[in-house]
Amino acid sequence: MTGKIGVTVKGATKPLTLDASQLSVNAVAVNGRPVKFAFDEKRSKLKISGVPARESRVEIDYSKQVSDDVIFGLYKSKYGKDYILATDLEPAEARTVFPCVDEPAYKAVFRLQITTDERLVVIANTPMISKESAGRGRATFTFQETPRMSTYLFFFAIGRFEEARINTDGIEVLAATRPGQAQNSRVALEIAAESLSAYQRYFGVPYPLKKLHIVALPEYHTGAMENWGAISSRESYALITEDTSFTQKNRGAMSMVHEVAHQWFGDLVTMEWWDDLWLNESFATFMSYKMTGRLRPDWEMWSIFLRDEGFHALNLDALSTTHPVQGHVRNVAESMHTFDAISYGKGACVLRMLEAYVGEEAFRTGVSDYLKRFSFSNASGKDLWNALGKASGLPVARVAREWLTRPGYPVVRVAARGGKVKLSQSRFTLSGKKAPGVWPIPISLRADGSRKSTFLDRRTANVEARAEGELLLNLDRTGFYATLYDGAGYERLARNFSRVGPHDRAGIMYDLYLFLQAGLVKPELYARFVALCGANPDAIATQIVTEQLMQVTAIADESRVIRDIEPKFYPRLLDAFGEEPRPGEPPYVGATREYLASQYASINESYARKMASLFEHFANLDPNLKSAAAIGYAMTNGARAERRLQEMARTLQGEVDRANIYEGLCAFREPELVEHTLELGMSGQVSRSDSGYPLFLSAYNPYARDALWNWITKRYDAMRDMYAGSQQFYLYMGRAIPFCGVEREAEVRSFFSGKRFKEGGSSVTRLLEQLHINARLRKRLLRSGN
Ligand SMILES: [Zn+2]
C-alpha cells in the first residue's frame, strides 16, 4: 500500500515528532518543499526538521507492506480465497497505518481518499461523497470529512461487501458482510438501530454522523470495536439469527448495544488518556445492559450482568496483583493490559451503584450534561463525577473516588450476637494476604423480616436485629463487596434457602466460591449449598454454579467432594428445566439448559451418549443443545468423531455453529486429539477468528492439561505474533494457563521469566497469581472428603 498524508500543523515542536511504525517513509515536504526527516523505527518516531512555528502544511509520502500473518492493525481478514482489507487500531495501531500523533487527546479532522479496484466496496467512518475512475480498472473513493476525533477510532475496510440497511431517525444504519451473509445480519442490525434511536433520546444529544455501519469481519481478533460511524465486529456477534442459542444471540446483541453507546461515550467524548479507559468501557458496559434490558425486557439483563460482569470482576479484583479501575498507565504498552474485567465489569458495577445512589433521572441528566459539555473533545473521570454531583446535589466524587482509585474491594463479616448484628470490613484477597482499606459501603440488609439500610464507612458497626432471625446482606446484589457469615449465619441461610430471591442466591453462591478459593470456607460447606441450588431450581444461580463447577472440575476432577456433588445438581436441574425445549419457554430457560447439558455431557458418560445421538441432526437441532450434542459426540466416539468435527470446523460458514463444534473438539478424553484441535486453530485451514476457542475451551478439560500446556510452550511466540501481542492474546492466556498449569506451577513460572514476563506486564503477574490460587485449591479439594 502506498499512502500520502497531509497534516496542517501550527506551533510545531522542533523537530516535529510524529508516531509512526511498520511504515517506510519515502519523502516529506513542508509547504511544498522537500525537507529532512529521520525515522526511528525502534522508538516508532518520525522526526521532521524545518517545520516553521506558523501554520504549515506537512506532506508525507510513505508505503506499507500489509503482512499476511497478523490479525490486528491494518490486516487481511480472510475467507475462502478472498479477503477484506480492514483496520483495527485501538489502542495504538493507527501509527502503523499513517504517521500521526497517536494519542486519544490529539483529535483531528480526517479527509480520506482511497484508490483501489473499482469493483470493490470501500467503507469508512463517514459516507462516501464520490467515486471517480482512476483508469486501468481502478477508482478513487472520496469520503466526507469526519468530525474531530481520536486516531484510534479511524477506520476503513475494502472488500466485496454485501449490505443490508435500516433507516432510523433519518440515519442510515447498515450491515456490511462478505457475500451471501447479509441476510444473517438482521438481528444485530435491528438492535443496533433501535439502540441508536434510544440513546439519542436518553443522552439528549443527537448522533453526530449521517450513517452507522456494522462491518462483520470473517477474521477478527477481539469481539467488536467502536470505530466512529463504522463498528467492526467478529461474525459471531454480527451474524446471529433466530437459530442462534440464546447465550450467543444475547452476547452478539449486547455487543452491538455496547458499541453504539461508545458512539457518544468514547467517540464524541473521549478519555484524555488510557488511565481513564474505564470511562469508555465501564460506561458502555453498564449502558449495554441497561439499554438492552429496556429494548428486550424478557432477557433478564440484570441477571446476566451478575453472571458475566459483576462476578468475574469480583474474582479478578480479589487478586493482590489487581489494579484500580482508574489506573496508572504510563505508556501505551501498559494500556494493553487494562482491557479487562476491572475496567469493564467492576467499573460498570460501580456505575450501577452510583446510579442507585443518585437516582436514575439525576444520573441521566448528569451524563447528558457531561456529553454536551465535552462534545468533540476529551474528559477525565472527575469531569463525569462533577456532572453527576451537580445533577444530584450529592457527594458523588467522594464515593466514586474511593471505589475507583483504589484496587480491590471489601469483605463484610457478619456476626449476630445478643440482639445485635456486628458488621466489620477489610480488604478481601484470594491469596489471604493482608491489605489495608476501608470503603464507604452503602449496605442493604434484611433482618427480622424487614429491609434496612446502613452506610458502613468505618471498620466496624452494629445493627439492631434479633440474632436468631433471618439475616441477609447486599440485597439483590447491587453492592460490589462479598459477605462472609459465621457458622450460625450459614446454617440459617441454608434452612431458609428456598425463600431467598434469585439474585441473592446467586450472590451467596458467588461469595462462597470466592471463600472456597481463599480457604475461608470448607469445601463441604460450598458443596452443601450447591446441593441446595440443585433442589431449588433457579436460572441464574444454576448458570453461575455450573460455571463454578466447570472450574473446580478443571482444577481437581478427582476430588471426592466434587464428584459427590454432581448427582445432586445436574440431573435434578435438567429434570426441572426440562431436557428438551418447551414451546413458549422464556429465553433464559433455554440458556440454562445449554449450560447444564454441555457441562453434564462432558463429565457423565451415559448422558454424553444420549447427547451424541442428537448430533446426527446437528443442522436442525435446537440451538441451545448444539454444544452439548457436539461434546457428547466427541466424548462417545473419540478418534472416529475427530475427522467429522474437524471437517465441520473447516467448512461451516457460520462462526456461531463453528463455536459449538469446537466445544466438541476440545472435549476429547484423548489428549492427542485435543492437541490436534489446538493446532487446527493456527493451521491456516480455519478462520483465525477461531484460534481462541481451542485455548479457552480445552482449559476446562482436565484430561487435556498436559496437551494444552505443551502446546502453549511450543506455540506461544507464534500465537503472540499473530495477535501482534494484543490484549486479546493475553486474555486467552489468562483463561487457559491458570487451569492447565495447576500441576506444574514452577514450570509455568520459569516459562514466564525474562522477556515473556516483561512483555506480558500485569496480565502475566495476574495469571500467575490465579494459577497459584488454583493450585492451592486443588490440594485442598483433594485432601477433603478423601
Ligand atoms: Zn467497549
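Preceding this section is the structure that the text describes.
Read on for a plain summary of the structure. Numbering of residues begins from 1 in every chain and follows the order in which that chain's sequence is written. Totals for whole chains, interfaces and linings use all residues, but because this is a predicted model, local features are given only for residues with pLDDT of at least 70 and pairs of side-chain atoms are given and counted only at 80 or more. The basis for every side-chain value is the complete set of non-hydrogen atoms in the structure, without hydrogens or water.

### What about the sheet that holds strand β24 (residues 441-447)?
Hydrogen bonding along the main chain pairs the strands of a sheet, whether they run parallel or antiparallel.
1) Next: Sheet architecture is open: three strands sit in the order β25-β24-β27, paired in antiparallel fashion. In this open sheet, the two strands that pair with only one neighbour each are β25 (450-456) and β27 (471-473). Taken over all neighbouring pairs, the strand axes of this sheet differ in orientation by 25° on average, direction set aside.
2) Next: Whether two strands pair comes down to DSSP finding at least two bridges between them. Under the scheme used here, helices are H or I runs from DSSP no shorter than 4 residues and strands are E runs no shorter than 2 residues, and both carry numbers assigned from the N terminus. Looking at chain direction, β24 and β25 are connected through seven bridges and run antiparallel. Of the residues in β25, the one forming a bridge with Ala 447 is Ser 450. The angle between two axes is taken between their N-to-C directions and runs from 0 to 180 degrees, where each axis is a line fitted to C-alpha atoms and a helix contributes only its stretch in contact.

### Side note on the sheet that holds strand β4 (residues 33-34)
1) Next: Taken in spatial order, the four strands of this open sheet run β1-β7-β3-β4, and their pairing is antiparallel. The strands lining the two open edges of the sheet, one partner per strand, are β1 (2-9) and β4.
2) Next: Here eight bridges tie β1 to strand β7 (residues 56-63), and the two strands are oriented antiparallel to one another. Paired with Gly 6 across the strands is Glu 59, a residue of β7.

### Brief notes about the environment of Glu 675
1) Next: Take Glu 675: it is sitting in helix α22 (residues 671-681).
2) Next: Among the residues examined, Glu 675 registers a relative accessible area of 25% and is labelled partly exposed.
3) Next: Spatially, the C-alpha atoms of Glu 675 and Trp 711 are 6.9 Å apart, while their sequence positions differ by 36 residues.
4) Next: Should any heavy atoms of two residues lie within 4.5 Å, those residues are counted as being in contact. With residues up to four places along the chain from it excluded, the contact list for Glu 675 reads Ala 707, Trp 711 and Lys 714. Buried means the residue's accessible area, taken with a 1.4 Å probe over protein chains only, is under 20% of the maximum for its type, while exposed means over 50%, and partly exposed covers the values in between.

### Focus: unusual backbone geometry
1) Next: A cis geometry characterises the amide bond from Lys 14 onward to Pro 15, with omega recorded as -10°.
2) Next: One can find Pro 15 in the loop between β1 and β2 (16-19).
3) Next: Cis rather than trans, the peptide bond between Glu 90 and Pro 91 has omega equal to 0°.
4) Next: Its place among the elements puts Pro 91 in the loop between β9 (82-88) and β10 (113-117).
5) Next: Although it is not a glycine, Glu 300 sits at a positive phi angle of roughly 55°.
6) Next: Note that Glu 300 resides in the loop between α4 (277-295) and α5 (301-316).
7) Next: The class of Glu 300 is partly exposed, set by a relative accessible area of 37%.
8) Next: In the Ramachandran plot, Asp 448 falls in the positive-phi region, its phi being about 50° despite a non-glycine side chain.
9) Next: With respect to the helices, strands and loops of the structure, Asp 448 is situated in the loop between β24 and β25.
10) Next: Judged by its relative accessible area of 31%, Asp 448 falls in the partly exposed class.

### Quick notes on the side chain of Thr 247
1) Next: Structurally, the position occupied by Thr 247 is in helix α3 (residues 246-262).
2) Next: Residue class for Thr 247 comes out buried when judged on its relative accessible area of 8%.
3) Next: Once residues within four sequence positions are removed from consideration, Thr 247 is found in contact with Arg 307, Ala 591, Glu 594 and Tyr 595.

### Side note on the packing of aromatic side chains
The relative placement of two aromatic rings is captured by the distance of their centres and the angle of their planes.
1) Next: A pair of Phe, Tyr and Trp rings is counted when the ring centres sit within 6.5 Å of each other, with Trp represented by its six-membered ring. The angle between the planes then sorts it: under 30 degrees is stacked, over 60 is edge-to-face, the rest tilted. For the structure on display, the rule yields 46 aromatic pairs.
2) Next: Taken together, a centroid distance of 4.2 Å and an interplanar angle of 5° make the contact between Phe 311 and Tyr 510 stacked. With a gap of 199 residues between them, Phe 311 in helix α5 and Tyr 510 in helix α12 (residues 502-518) connect regions that are remote in the sequence. Of the two residues examined, Phe 311 and Tyr 510, each falls in the buried class.
3) Next: Note on Tyr 723 and Tyr 732: the rings are 5.9 Å apart at their centroids and 85° apart in plane angle, and the pair reads as edge-to-face.
4) Next: Through a chain of ring-to-ring contacts, three or more aromatic side chains come together here, namely Tyr 199, Tyr 202, Phe 203, Tyr 207, Trp 264, Phe 265, Phe 283, Tyr 370 and Phe 374.
5) Next: Note on criteria: charge over ring means Lys NZ or Arg CZ within 6 Å of the ring centre, with the direction from the centre no more than 35 degrees off the ring normal. The side chain of Lys 76 reaches across the aromatic face of Tyr 83, ending 5.1 Å from its centre.
6) Next: Over the aromatic face of Phe 751 sits the side chain of Arg 756, whose NZ or CZ is 4.0 Å from the ring centroid.

### Observations regarding the pairing of strand β12 (residues 128-135)
1) Next: Sheet analysis places β12 next to strand β13 (residues 138-143), joined by six bridges and oriented antiparallel. Looking at the pairing, Ser 133 lines up with Ala 139 of β13.
2) Next: The turn linking β12 back onto β13 is made up of two residues, and Arg 136 within it adopts a positive phi angle of 50°.

### A few points about helix α21 (residues 655-665)
1) Next: In terms of burial, α21 is largely enclosed, as nine of its 11 residues are buried.
2) Next: Considered for burial, the residues of α21 that qualify are Glu 655, Val 656, Arg 658, Ala 659, Asn 660, Ile 661, Tyr 662, Gly 664 and Leu 665.

### Quick notes on the nonpolar core
1) Next: Core analysis: the largest hydrophobic core is formed by 282 residues, its most contacted members being Ile 48, Ile 60, Trp 264, Tyr 370, Phe 529 and Ile 712.
2) Next: Leave out the neighbours within four places in its chain, and Ile 712 touches Leu 695, Met 733, Ala 736, Ile 737, Cys 740 and Phe 751. Nonpolar cores are built from buried Ala, Val, Leu, Ile, Met, Phe, Trp, Tyr and Cys residues. Side-chain atoms within 4.5 Å join them into one set.

### Here's the deal with the state of the cysteines
1) Next: Here, a disulfide means two cysteine sulfur atoms that sit within 2.5 Å of each other. Scanning the entire structure with this criterion turns up zero disulfides.
2) Next: In this structure Cys 666 is not part of a disulfide, and its nearest cysteine sulfur, from Cys 740, lies 12 Å away.

### Focus on the packing of helix α20 (residues 639-651) against α22
1) Next: Running from N to C, α20 and α22 point in directions that differ by 10°, and their axes come no closer than 11 Å. It follows that α20 is roughly parallel to α22 by the angle criterion. Residues Ala 639, Glu 642, Gln 646, Ala 649 and Arg 650 of α20 pack against Leu 673, His 676, Thr 677 and Leu 680 of α22.
2) Next: Three residue categories are used. Nonpolar comprises Ala, Val, Leu, Ile, Met, Phe, Trp, Tyr, Cys and Pro, charged comprises Asp, Glu, Lys and Arg, and polar comprises the others, including Gly. A class-by-class count of the residues in the contact of α20 with α22 yields four nonpolar, three polar and two charged. Should an angle fall under 35 degrees it is taken as roughly parallel, and over 145 as roughly antiparallel, whereas 65 to 115 is taken as roughly perpendicular and any remaining angle as oblique.

Functional significance is not addressed by these values, which are geometric in nature.
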